[in-house]
Amino acid sequence: MRLAIVGGGGFRVPLVYGALLGDRAEGRVTEVVLHDLDAGRLHAVSRVLAEQVRAAGAPGAAPAVRATTDLDEALRGADFVFSAIRVGGLQGRADDERVALAQGVLGQETVGAGGIAYGLRTVPVAVDIARRVARLAPGAWVINFTNPAGLVTEAMSRHLGDRVIGICDSPVGLGRRIARVLGADPGRVWIDYAGLNHLGWVRALRVDGRDELPRLLADPELLGSFEEGRLFGADWLRSLGAIPNEYLHYYYFNRETVRAYQRAELTRGAFLRDQQARFYEGVRDPDAPALAAWERTRAEREATYMAENREAAGAGEREADDLSGGYEKVALALMRAIARDERTTLILNVRNRGALSGLDAEAVVEVPCLVDASGAHPVAADPLPGHATGLVCAVKAVEREVLAAAESGSRARAVAAFALHPLVDSVNVARRLVEEYVRVHPGLSYLG
């Protein structure tokens with residue numbers, strides 16, 4: 001089975017390949033084709049993967065690795081396509097953050113102004129990939145991790161239908177943390193989670209049919225023992241009657257978070273830009289141990305994740321158990337379920353199909369899905385409470401404006417996307433954001 005990784009020179013690719021190394025079953029991935037526009041990045045990542053194989057001590061069972069800068073070559077004949085592109089690179093992310101913060105609004109890569117700017121850059125490229133997959137590998141399944149994951153998955157679904165599925169590690173990590181503090185086996189729980197990517201809530205966590213979430217919400221000590229409890233505070237979680245995805249901290253504590261980001265020495269994008277530049281530069285030395293350098297860099301990246309939010313909330317450092325990643329495990333479980341009909345349940349980004357009330361059938365939502373050889377099938381969810389429904393519908397309307405702007409090249413639709421977002425409080429701010437983003441990003445020149 002062949003897996004094409006678009007964005008194969010990206011920093012997280014070794015996580016996916018490492019997960020594949022542990023898979024020895026029939027029907028496993030036997031060839032990985034890496035695609036990236038940057039041959040130097042491809043070479044660096046290929047070195048890391050080769051050292052992973054040697055460290056695992058099982059070269060005969062490892063998927064063969066091939067690298068190419070030709071996208072069509074990478075896609076042709078693929079059974080699965082993993083899309084993890086970053087249009088504009090980390091410099092683009094840093095610019096997104098800088099422009100937004102200068103206007104006093106959030107610049108995070110998936111939330112608010114930064115997420116909109118990133119989406120406007122990314123959607124045209126993602127749509128081109130989707131069209132090529134439909135032409136060159138019509139039987140392939142596309143697993144999308146490109147951010148903003150829900151928006152990009154919806155853009156690609158207009159060309160690939162249900163054969164594109166978005167994944168994210170945030171719901172998995174949240175469910176694992178809740179199960180851990182409740183003393184439950186994460187593999188045996190049903191997580192009632194619903195919303196959009198980076199905008200969802202755990203409303204129940206059932207163990208053998210019994211909802212254990214009320215026990216957690218009633219116990220201040222338990223609530224203070226995991227990241228979301230410290231991030232949001234016990235009182236607010238009890239008011240919600242649910243545990244929000246960590247990214248909702250940007251909405252519920254927006255002013256505090258924006259101030260923390262403005263005070264930071266470097267934005268997150270600038271930090272990662274500099275950090276990864278050091279990594280790629282360092283492994284150009286053929287004698288430098290590439291895997292060890294990658295592991296050190298990844299550990300630092302994970303430890304500093306959402307550091308500004310934790311600072312604003314006084315939440316302290318991340319738990320050691322939360323530093324191991326997770327999206328690669330979701331990707332592998334998804335591929336196994338489809339390729340081998342190993343039925344499983346995963347929280348995924350898929351077309352709604354009536355699973356979540358208040359949104360149309362084509363809207364991509366993030367909900368539990370039953371996965372088998374025929375794909376991912378969303379499980380009908382109870383309606384969200386009014387406050388959550390309002391937020392989900394508002395953000396989905398913004399996503400639709402982004403898609404319309406990307407398709408039409410309309411600057412007016414781009415302005416509307418910014419102006420309608422709950423975290424951008426002024427049409428005039430929206431106009432200035434569009435003007436500045438078009439100025440700094442050549443990829444947005446299509447906006448007339």
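Let me begin by describing the structure that accompanies this report. Remember, it's a predicted structure, so these values are computed and weren't measured experimentally.

### A few points about the overall build of the chain
Inference 1: Scanning the chain from terminus to terminus reveals 20 helices and 13 strands.
Inference 2: The C-alpha atoms of the chain give a radius of gyration of 21 Å, which matches the 22 Å a tight globule of 448 residues would have.
Inference 3: Once the C-alpha set of the chain is aligned to its principal axes, its extents read approximately 55 × 55 × 40 Å.
Inference 4: Buried positions account for 59% of the 448 residues belonging to the chain.

### What about the packing of aromatic side chains?
Inference 1: In total, this model carries eleven aromatic pairs according to the counting rule given.
Inference 2: Aromatic side chains Tyr247 and Tyr305 sit 6.5 Å apart centroid to centroid with 65° between the ring planes, which places their arrangement in the edge-to-face category. Placement of Tyr247 in the loop between strand S10 (243-244) and helix H12 (249-252) and of Tyr305 in the loop between helix H15 (290-303) and helix H16 (307-313) is noted, with a sequence separation of 58 residues between them.
Inference 3: An aromatic cluster is defined as three or more aromatic residues linked by ring pairs; in this entry it consists of Phe11, Phe279, Tyr280 and Trp294.
Inference 4: One residue, Arg163, lies across the ring of Trp141, its end atom 4.2 Å from the ring centre.

### A few points about the pattern of salt bridges
Two side chains that carry opposite charge are able to pair once their charged atoms sit near each other.
Inference 1: Applying the stated criterion to the full structure yields 36 salt bridges.
Inference 2: We note a salt bridge from Glu246 to Arg177, for which the minimum N-O separation is 3.8 Å. In this pair, Glu246 is assigned in the loop between S10 and H12 and Arg177 in helix H7 (residues 170-181), connecting sequence segments 69 residues apart. For the residue pair Glu246 and Arg177, the accessibility class agrees, reading buried in each case.
Inference 3: Close ionic contact of Glu311 with Arg263 constitutes a salt bridge, the shortest N to O distance being 3.7 Å. Taken together, the residues span a long stretch of sequence, with Glu311 in helix H16 and Arg263 in helix H13 (residues 254-263) at a distance of 48 residues.
Inference 4: Accessibility expressed as a relative area gives 56% for Arg263, which makes it exposed.

### Details of the layout of surface pockets
Inference 1: Within this model, the second largest pocket holds a volume of roughly 510 Å³.
Inference 2: Lining the second largest pocket we find 18 residues, and of these Val172, Pro186, Ile191, Thr345 and Leu346 sit closest to its centre.
Inference 3: Looking at the lining of the second largest pocket, the elements that each hand over two or more residues are H7, strand S7 (189-196), helix H17 (327-340) and strand S11 (344-351).
Inference 4: In the lining of the second largest pocket, the residues fall into eleven nonpolar, five polar and two charged.

### Description of helix H20 (residues 427-440)
Inference 1: The end-to-end C-alpha distance of H20, which contains 14 residues, comes to 20 Å, matching closely the 20 Å that a straight helix rising 1.5 Å per residue would cover.
Inference 2: Three or more residues of H20 are buried, namely Val429, Ala430, Leu433, Val434, Tyr437, Val438 and Val440. Angularly, the buried residues of H20 cover 165° about the axis, an arc narrow enough to put them on a single face. For H20, exposure combined with an orientation more than 90 degrees from the buried face picks out Glu435 and Arg439.

### Section: the side chain of Arg47
Inference 1: In this structure, Arg47 sits in helix H2 (residues 39-56).
Inference 2: A distance of 3.1 Å separates a polar atom in the side chain of Arg47 from the backbone oxygen of Asp285.
Inference 3: With sequence-adjacent residues up to four places away left out, Arg47 is seen in contact with Val283, Asp285, Pro286, Ala288 and Ala290.

### With respect to the side chain of Glu212
Inference 1: Of note, Glu212 is situated in the loop between strand S9 (210-211) and helix H8 (213-217).
Inference 2: A distance of 2.9 Å separates the side chain of Glu212 from the side chain of Arg215, its partner in a polar contact.
Inference 3: Ignoring sequence-local partners within four residues, the contact set of Glu212 consists of Leu182, Leu205 and Val207.

### Brief notes about the pairing of strand S13 (residues 375-378)
Inference 1: As paired strands, strand S12 (residues 364-372) and S13 are joined by four bridges and run antiparallel to one another. Paired with Leu370 across the two strands is His377, which belongs to S13.
Inference 2: The hairpin formed by S12 and S13 contains two residues between the paired strands.

### Here's the deal with empty space enclosed by the protein
Inference 1: In this structure the tally under the stated criterion is three cavities of 30 Å³ or more.
Inference 2: Of all the secondary-structure elements, those providing two or more residues to the lining of the largest cavity are helix H5 (112-136), helix H6 (149-160) and helix H18 (386-408).
Inference 3: Per-element accounting of the lining of the largest cavity gives the leading share, four residues, to H18.
Inference 4: Classifying every residue of the lining of the largest cavity by side-chain character gives ten nonpolar, seven polar and one charged.

### A look at unusual backbone geometry
Inference 1: Across the junction of Asn147 and Pro148, the peptide omega takes the value -15°, indicating a cis bond.
Inference 2: Examined against the element boundaries, Pro148 turns out to sit in the loop between strand S5 (141-144) and H6.
Inference 3: The backbone phi angle of Asp341 is positive, close to 60°, even though this residue is not glycine.
Inference 4: Among the secondary structure elements, Asp341 is positioned in the loop between H17 and S11.

### Some thoughts on H17
Inference 1: Over its 14 residues, H17 runs 20 Å from end to end, which matches the ideal 20 Å to within 8%, given 1.5 Å per residue.
Inference 2: When we look at burial in H17, the residues that qualify are Tyr327, Glu328, Val330, Ala331, Leu332, Leu334, Met335, Ala337, Ile338 and Arg340.

### Focus: the nonpolar core
Inference 1: If you look at the biggest cluster of nonpolar residues, it comprises 100 residues, and the most contacted ones within it are Phe82, Ile167, Ile178, Leu216, Ile243 and Leu348.
Inference 2: The greatest single-element share of this core, amounting to eight residues, is contributed by H17.
Inference 3: Ile243 has contacts with Leu174, Ile178, Trp201, Val202, Leu213, Leu216, Leu217, Leu223, Phe226, Glu228 and Leu237, leaving out every residue within four places of it along the chain.
Inference 4: Counting residues in hydrophobic clusters, the runner-up holds 30 residues, among them Ala113, Ala406, Ala417 and Val434.

### A word on the packing of helix H4 (residues 89-102) against H20
When two helices pack together, their arrangement is captured by the angle between the axes and the distance separating the axes.
Inference 1: The N-to-C vectors of H4 and H20 enclose an angle of 150°; their axes lie 10 Å apart at closest approach. Between H4 and H20, the crossing angle belongs to the class labelled roughly antiparallel. Viewed along their axes, H4 and H20 form a crossing whose handedness is right-handed. Facing Asp95, Asp96, Arg98, Val99 and Ala100 of H4, the residues of H20 in contact are Leu433, Glu436, Tyr437 and Val440.
Inference 2: Looking at the contact of H4 with H20, its residues break down into five nonpolar, no polar and four charged.

Cut-offs and rules
Residues numbered from 1 in each chain as written. Predicted model: local features only at pLDDT ≥ 70, side-chain atom pairs only at ≥ 80, totals over all residues. Heavy atoms only, no water. Helix = DSSP H or I, 4+ residues; strand = E, 2+ residues; numbered from the N terminus. Rg over C-alpha atoms; globule rule 2.2 N^0.38 Å. Buried < 20%, exposed > 50% of the residue type's maximum accessible area, 1.4 Å probe, protein only. Phe/Tyr/Trp six-rings, centres within 6.5 Å; stacked < 30°, edge-to-face > 60°. Lys NZ or Arg CZ within 6 Å of the ring centre and 35° of its normal. Salt bridge = Lys/Arg side-chain N within 4 Å of Asp/Glu carboxyl O. 1 Å grid on protein atoms, 1.4 Å probe; cavity = no way out; pocket = protein on both sides within 12 Å on 5 of 7 lines; lining within 4 Å. Points joined across faces, edges and corners; volume = space filled by probe spheres on them. Nonpolar A, V, L, I, M, F, W, Y, C, P; charged D, E, K, R; others polar. Expected span 1.5 Å × (residues − 1). Arc of directions from axis to C-beta. Polar contact = N/O pair within 3.5 Å; in protein donor to acceptor, adjacent residues only side chain to side chain. Contact = heavy atoms within 4.5 Å. Pairing = 2+ DSSP bridges. Core = buried A, V, L, I, M, F, W, Y, C linked by side-chain atoms within 4.5 Å. Axes fitted to C-alpha atoms, helices over the stretch in contact; angles between N-to-C directions. Parallel < 35°, antiparallel > 145°, perpendicular 65-115°, else oblique. Left-handed = near helix turned anticlockwise from the far one by under 90°.

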